[in-house]
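The residues making up each chain are set out below.
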Amino acid sequence: MPRPGFVLDVDRSTPPVLFHHGEQLRLEKLPPGRSRIIYPAEPLAALDHPDAAIADALANPLGDSEPLAALLRPGMKLTIAFDDISLPLPPMRRPDIRQRVIEQVLDLAAAAGVDDVMLIAALALHRRMTEDELRHAVGDRVYDAFAPHGLLINHDAEDPDNLTEIGTTERGEVVEINRRAAESDLIVYVNINLVAMDGGWKSTATGLSSYKSLRHHHNVETMEHSRSFMDQHNSELHRSNWRMGKVLRDSGIKIFQIETTMNNDVFGTSGPMSVLQKREWEWTARDRLAVGAMKRGLDVMSAKARRQVFHSWRAPHAMTSVQAGEVEAVHKVTTDNVYAQHLVPVSGQTDILTMGLPYIGPYNVNSVMNPILVMCLGLGYFFNLYKGQPLVRAGGVVIMSHPTPWDFHPVHHPSYIDFFEQVLADTTDPREIEKRYEKQFAEDEWYRHLYRTSHAYHGVHPFYMWYWGAHALSHLGRVIIVGGDRAAVDRLGFTAASTLRDALEMASDTVGPHATITHLHNPPILMADVT
Amino acid sequence: MRALVYKRKPLRFAAAVAAGRLAPGAGAGIGPLSHDDIDPPALPGPDWVRLTPRLAGICGSDLATIDGQSSRWFEPVVSFPFVPGHEVVADVVGDDNADGTPHRVVLEPVLGCVTRGIAPVCSACAAGNLGNCTNITFGAITPGLQSGYCCDTGGGWSSEMVAHRSQLHRVPDTMDDLAAVMVEPTACAVHAALAAGIEPGATVVVQGAGTLGLLCIAAVRRFTAAGTVIAVAKHPVQREWARQFGADMVVAPDEVARAVRRATGTMAVGDGHIDRLAGGADAVVDCVGSSDSLTTALSVVRPRGQVTVVGMAGATRLDLTGLWQREIRMVGAYAYGTETLADGTTARTFDLAFDLVAAADLGRLVSATYPLDRYRDAIAHAAGAGARGAVKVAFDMRRPADRTADAARRSAIPASTQPGAH
Amino acid sequence: MSEPVIRRPVAHRPVTRMPVTRLPVNGRTAAAALSAAGTTARTRMRTAMRSAIPGLVPQPVPAGVEAKVRRRNVGADYDTDWARTYPARVARALLVEGVVRPVMSVLADPTITGTDRLTDASGPMVFAANHHSHIDTALLVSSIPEPWRHHLVVGAAADYFFANRVTAPLSALVVGAIPIERQKVARRSAQLASDLIDDGWSVLIFPEGGRSPDGWGQPFRGGAAYIAMRTGVPVVPVHVEGTGRVLAKGSNLPRRSSTTVTFGSPLTPADGEDSRRFAARIEAAVAALADETTTDWWQARTRAHAGTTPSLQAPSQGAWRRTWALGDRGPTRRSRDAWPRLSGDS
């Protein structure tokens, strides 16, 4: 029976706590008496027979939907859309959940005599997936059967010929999605719901849409009113997507949504990385030795070797539930299943929130975590992993630990480089940035070209990263990055500190010397239910 | 008189070449340059006067000569032994003002037909383009493209030299010596800016943010209607100056292509990293002259754009395929003469330079002055100027009495720390 | 062709010049014929040798004494227990990883797909593969994924691999073979396989019962299905493609060529399914894998659902044309050898 997540009050006997630090690790002693640590729940049990569970979900859909087999018929046009490389994190061991689901969907389609099938990676403005990444996601069999015929493609949000406007919401938000999907008799969406923000109408309304449509909810206004965007009842992002979903449904587009949840077994229960998800006071002598050796080893490695070590990790996380059918009915169950793994009850806010940022976020799979992504991971994702109220009080301090190197992946993040060199050099205010620079980047022909033909994130994507942190930026009094590259951290508008002790010292200028400290022991992912 | 003399000494020259490769400015210690007591030069003719230099700047070309890195090209157009120093502000011996103080002048160092007693003058000199004079190795004085490279004239790095009256520009009383010593390099920059073919609204890249680069930025801003000016600077102080003189973007050398692409919105060749640009800047003013900088220039200038080589280039390896395929114009800009401005009026480059020096308060760029006997320190400082937060380094030959006022002024210049105190 | 210079007992020379059988009806009967011929030859040779060397002639059993039954210790009776002792397993693992696998990767350049279908499986299983060539065994023992690879026995023809005291221990050691009778209903073989499965061993079986003589498949026999049903473990259909090009039946010199090994999803018998129908389903699964290898997965699934998966076996009509087309290339060519086959060739 997996133990639930909980909050530990730090006293003198509490051992040093593990902080992820990009592709390195830190062990930090938190001040006793005024610190607490939020630990995630242990991994929930995986489904014993995932393939059977999928078959069962397809045959017994939720909400107002017929079984998938009944929706398939000869001569129909079927589009299978699936989540892209940003999910799950880290990438999972083969076979990927998407492969399992897609193979079963296709098998049913084959049985029904469906000929016209297209598979689309619903990546919105993310980078196109490489062949290897697609193979990993859908499996070699599906890839080899469809990709050579152009039937397995990356969604292209800049292809005017293959986008179609469905309508506008009552708020005037334009809904534009992939034409092939829109003109299909059935869209089957295959989702992996890693965090509570994923899935639901966001799958289609965001994943298959264009800049024209996305900008209605990917903006500063929406993000500042999403408190948090992980909590659908208080998320403007969620509401906007749901409004768009209504337009999709009313237009007659038929979607069969398949959502899966997974446990947070990211480092395994055995093996070299397993110590990273054990609780520190339960470390055996061997674990302590392992961490020491790992830390040493990583410190002497070149940055490239470290990256190689971490990014080749394939997580053993496993499926905990699968549900299919009508979008909203499915997503309700999915959200409950996500919460079952992630939610940890926490009482009261804190003055200082500390977090150790890991090597990976949604946008640097097989890539470099550049300073903008560091900001997004810390202030966008980790900060927003709350329900109720933010973990840190208004005017409080976030201390994150990450080396924040001034380093970019030129192929994946070309517009990030310009964003960092030009935009952030000018201002770090999200509203100013949105007003003065977004259009220029969004319409830049070169970025457009790289997005469409290479493997680059869309020109406007770094802006979204910055907007993702907008709520945190307006909420916080100060942001400190422990161990961060000074020049890069400076450019982000934050303060670099060389040790956690220094950072706490600096924070005391903002929140006083006896401030309370809460450490978010993430990864594995947890979501604080703050009351 | 005391002077720094550069003699023809092959062994010392070889040592300077080796030392200069190891560390810029190291040639001063073991090279053919020495601090000597020599006879002052004789007056070559009736129109010549004696000057007592007050300040004399150290120029990039001087440093190259001292380190033995100059091109062999110069060999026939200089005469040994010579006293370097062509950025000179000096007193004219015998020409006194009413109050008994001597006339202060800035030397226009080019030794054209008039100074060489050649009549009729060559067509370039006739058109006022002294820099393009075809007779710099002929006539009444020994070969030398400028004062400071000519055996007969002496140079600014001494307590006495001679000059032709046509070379002298009177310094207004309102302009101090530090500003005046900037006039000659500023004239080079003005000439370059006006030779760079900058159309109104053009995107201009200025590579290098040493003295010449910074002055070029200022000149481009003052005398052309350039749109976006992108400065390429290595060192923090240079970046700050560049911004002050009107650069819209200041970038590191390896960021040029990306900045130009951003400014012009052009496509680029390369998968996220940029090999070269599809379009590019309208004009590149290269004040570095190295193989790297010229390669960058050719990769970021648009087809039919212009690369203007202002920094002394020397023997360089360069792939010119792009120049051919994209019909890029690559032109040099040397010295000064007579300029035609956008409105059609003409003016002597030096007059425009005086104007710019005063307007932009360019005397601020003189970071340090040294007496002649500390020439090794001076040259080391000049050679490492960027990294040490300096811009222009000059020799100071003024009498002690004159020095107090300037020293006070100098101490107010945060040249080696933070620029922009003015 | 000049005769090879090999010393052989003179008595043998005139014995068996095989009649030139140009057109056997199908490969299997040809194989049987050849095998039978081989046995005859061997027996004769043995007799001849015994008579030539007096010490080798067995003494007659005295009258009134019950003759001691000499236990045959080759063929189906060969006891392979020793080959599953720890030292033998280590030796085999070293051989497979150190010799077989590198040789196979050079010789057969295998593309191994479908192992992901075994992700959720655990415990012993029956691997049922089609059979083209001797190297199928070597290829499969080096490509079946862990944890099954080193806990695997291979069902091998008792009359071929376990025919004598040299090949029997070699087969048992190198590929972990166990003798399976293929000429008759083999209670003993099935019992042995079942016992091993109960002990946690997985079994690789070629349900065709022999190598394809011509590249076409032969009907799957019920052995694999029977064993699986008896022990309650799943059957993994495996398709091997291209090994016929590397080492065709009847050829001795391997040629380098590329091969594909495709693993299918584990199959378990449906309620009320008998072993014959289960065997047919296994064959269909292998056929679908073959289809997947030659076309793609989607085509294969589509055809499988439509019931139009191409059979592994040759089209029944016009079989004679196929045989005819085999002509001199086929196994029949062996029958023209000037010398008799001294060992069986299946």
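Since the model is a prediction, treat every value here as computed from it, not as a measurement.

Draft legend 1. Local environment of the domain arrangement of chain B. Residues and elements named next belong to chain B. Each assigned domain of chain B is listed with its residue range as follows: domain 1 (2-181 + 361-411) and domain 2 (186-345). On the domain 2 side, the residues contacting the 23 residues of domain 1 number 18 residues. Interface of domain 1 and domain 2: buried area, both sides summed, is about 1600 Å²; carbon and sulfur atoms make up 66% of it. Across the contact surface, domain 1 and domain 2 share zero salt bridges. Counting across the domain 1 and domain 2 interface gives six residue pairs in polar contact (both at pLDDT 80 or more). Of the residues in the side of domain 1 that touches domain 2, the class split is eleven nonpolar, nine polar and three charged.

Draft legend 2. A look at the nonpolar core. In this structure, I80, F82, V188 and I258 of chain A are the most contacted members of the largest nonpolar core, which totals 166 residues. Per-element tally for this core: the top contributor is helix α14 (residues 371-384) of chain A, with ten residues. The contacts of V188 of chain A, once residues within four sequence positions are left out, are L68, L78, T79, I80, A81, V105, F256 and I258 of chain A. One finds Y6, L55, V110 and I198 of chain B within the second-largest nonpolar core, a separate group that totals 97 residues.

Draft legend 3. Structural view of the sheet that holds strand β4 (residues 177-180) of chain C. All names here are of chain C. Taken in spatial order, the seven strands of this open sheet run β1-β7-β6-β2-β5-β3-β4, and their pairing is mixed. The outermost strands of the open sheet, each flanked by one partner alone, are β1 (110-113) and β4. For this sheet, the mean inter-axis angle between neighbouring strands, taken without regard to orientation, is 25°. In this sheet, β4 lies alongside strand β3 (residues 152-157) in parallel orientation, the contact comprising four bridges.

Draft legend 4. The interface of chain A and chain B, seen in detail. Counting residues at the interface gives 15 residues for chain A and 13 residues for chain B. In total, about 1300 Å² of surface goes out of reach between chain A and chain B, with carbon and sulfur atoms giving 51% of it. It is D418, E421 and W446 of chain A that lose the most area in chain A upon contact with chain B, and together they represent 45% of the buried surface on that side. Between the two partners, chain A and chain B, sit four salt bridges.

Draft legend 5. Focus on the environment of L196 of chain C. All names here are of chain C. Among the secondary structure elements, L196 is positioned in helix α5 (residues 187-198). Separated by 107 residues in the primary sequence, L196 and R89 have C-alpha atoms spaced 14 Å apart. Residue contacts for L196: discarding those within four places in its chain leaves R84, V153, I178 and W201.

Draft legend 6. Looking closely at the interface of chain C and chain A. Taken together, the contact pairs twelve residues of chain C with 20 residues of chain A. Both faces considered, chain C and chain A share a buried interface measuring about 1300 Å² in area, 59% of it formed by carbon and sulfur atoms. Inspection of the chain C/chain A interface yields three salt bridges. Taking the shortest distance from any N to any O, the salt bridge between D107 of chain A and R301 of chain C comes out at 2.7 Å.

Draft legend 7. Structural detail: unusual backbone geometry. A cis amide bond links R94 of chain A with the next residue in sequence, P95 of chain A, at an omega value of -5°. The linkage connecting R227 of chain A with the following residue, S228 of chain A, adopts the cis geometry, with an omega of -5°. Inspection of the secondary structure assignment puts S228 of chain A in the loop between α9 (220-224) and α10 (236-250). Although it is not a glycine, R304 of chain B adopts a positive phi angle of roughly 65°. With respect to the secondary-structure elements, R304 of chain B resides in strand β14 (residues 301-309). By relative accessible area, which is 54% here, R304 of chain B ends up exposed. Positive phi is not limited to glycine here, since D361 of chain B has a value of about 50°. Among the secondary structure elements, D361 of chain B is positioned in the loop between α12 (349-360) and β18 (366-370).

Draft legend 8. Summary view of the packing of helix α6 (residues 183-195) of chain B against helix α7 (residues 211-223) of chain B. All names here are of chain B. As a packed pair, α6 and α7 sit with axes 8 Å apart at the nearest point and diverge in direction by 55°. Considering the angle they form, α6 stands oblique to α7. Considering how the two elements wind past one another, α6 and α7 form a crossing that is right-handed. Residues P185, T186, C188, A189, V190, A192, A193 and L194 of α6 form the contact with α7, whose participating residues are T211, L212, L215, C216, A219, V220 and F223.

Draft legend 9. Structural context of helix α6 (residues 223-231) of chain C. Residue and element names in this part refer to chain C. For α6, the full list of buried residues reads A224, A225, I227, A228 and T231. Projected down its long axis, α6 carries its buried residues within an arc of 165°, all on one side. Note on α6: the residue one or two positions beyond its end, G232, has a positive phi of about 75°.

Draft legend 10. Quick peek at the environment of V78 of chain B. All names here are of chain B. Its place among the elements puts V78 in the loop between α3 (60-66) and β4 (87-96). The exposure class assigned to V78 is buried, which follows from its relative accessible area of 11%. Residues contacting V78, with those up to four places away along its chain left out, are P143, G144, L145 and Y149.

Draft legend 11. Structural context of the packing of helix α2 (residues 86-107) of chain C against helix α4 (residues 167-174) of chain C. Residues and elements named next belong to chain C. Interhelical geometry of α2 versus α4 gives an angle of 80° and a closest axis separation of 8 Å. It follows from the interaxial angle that α2 and α4 lie roughly perpendicular. Where α2 abuts α4, its residues A88, A91, R92, L95 and V96 lie against A172, L173 and V174. A breakdown of the residues in the contact of α2 with α4 according to their chemical character gives seven nonpolar, no polar and one charged.

Draft legend 12. Structural context of the pattern of salt bridges. Per the stated rule, a full pass over the model turns up 68 salt bridges over all chains. Of the charged contacts in the structure, one is a salt bridge between R3 of chain A and E282 of chain A, with a shortest N-O distance of 2.8 Å. Here E282 of chain A lies in the loop between β11 (255-262) and α11 (285-300) and R3 of chain A lies in the segment before β1 (6-9), a separation of 279 residues in the sequence. Taking relative accessible area as the criterion, E282 of chain A reaches 33% and is therefore assigned partly exposed. Across the salt bridge formed by E133 of chain A and R127 of chain A, the nearest N and O atoms sit 2.8 Å from each other. Sharing partners across several salt bridges, the network here consists of R54, D91, R104, D177, D396 and R398 of chain B.

Draft legend 13. Molecular detail of the sheet that holds strand β19 (residues 517-520) of chain A. Residue and element names in this part refer to chain A. Across the sheet, which stays open at both edges, the seven strands sit in the order β1-β4-β19-β14-β16-β17-β18 with mixed pairing between neighbours. Of all the strands in the sheet, the pair left with one neighbour each is β1 and β18 (495-497). Pairs of neighbouring strands in the sheet enclose a mean axial angle of 25°, with direction left out of account. Pairing of strand β14 (residues 350-356) with β19, which is carried by four bridges, proceeds in the parallel orientation.

Draft legend 14. Quick peek at the packing of aromatic side chains. Counting across every chain of the model gives 30 aromatic pairs over all chains. Aromatic pair Y464 of chain A and Y467 of chain A: ring centres 6.0 Å apart, planes at 55°, arrangement tilted. Here the residue Y464 of chain A and the residue Y467 of chain A both occupy positions in helix α18 (residues 461-468), the gap between them amounting to three residues, near one helical turn. Comparing Y464 of chain A with Y467 of chain A, the two get one shared label, buried. Relative to F395 of chain B, the ring of W157 of chain B lies with its centre 5.0 Å away and its plane at 65°, an arrangement referred to as edge-to-face. With W157 of chain B in the loop between α4 (123-126) and β6 (161-164) and F395 of chain B in strand β19 (residues 392-396), this pair connects stretches of sequence that are 238 residues apart. Three or more aromatic residues joined by ring pairs make a cluster, and in this case those are F419, F441, W446, Y447, F463, Y464, W466 and Y467 of chain A.

Draft legend 15. Representation of a nonpolar patch on the surface within the structure. Residue and element names in this part refer to chain C. A grouping of Y86, V90 and L94 is seen on the molecular surface, where their side chains present a nonpolar patch of about 350 Å² in accessible area. Among the structural elements, L94 can be located in helix α2. Residue L94 is classed as exposed on the basis of its relative accessible area of 60%.

The rules behind these values
- Residues numbered from 1 in each chain as written.
- Chains lettered and ligands numbered in written order.
- Predicted model: local features only at pLDDT ≥ 70, side-chain atom pairs only at ≥ 80, totals over all residues.
- Heavy atoms only, no water.
- Domains from an automatic or database assignment.
- Contact = heavy atoms within 4.5 Å.
- Buried area = accessible area lost by both parts, 1.4 Å probe.
- Salt bridge = Lys/Arg side-chain N within 4 Å of Asp/Glu carboxyl O.
- Polar contact = N/O pair within 3.5 Å; in protein donor to acceptor, adjacent residues only side chain to side chain.
- Nonpolar A, V, L, I, M, F, W, Y, C, P; charged D, E, K, R; others polar.
- Core = buried A, V, L, I, M, F, W, Y, C linked by side-chain atoms within 4.5 Å.
- Buried < 20%, exposed > 50% of the residue type's maximum accessible area, 1.4 Å probe, protein only.
- Helix = DSSP H or I, 4+ residues; strand = E, 2+ residues; numbered from the N terminus.
- Pairing = 2+ DSSP bridges.
- Axes fitted to C-alpha atoms, helices over the stretch in contact; angles between N-to-C directions.
- Parallel < 35°, antiparallel > 145°, perpendicular 65-115°, else oblique.
- Left-handed = near helix turned anticlockwise from the far one by under 90°.
- Arc of directions from axis to C-beta.
- Phe/Tyr/Trp six-rings, centres within 6.5 Å; stacked < 30°, edge-to-face > 60°.
- Patch = residues over 30% accessible without salt bridge, like charges linked within 9 Å, V, L, I, M, F, W, Y side chains within 5 Å.
- Areas by Shrake-Rupley, 256 points an atom, 1.4 Å probe, with all protein chains shown as cover.

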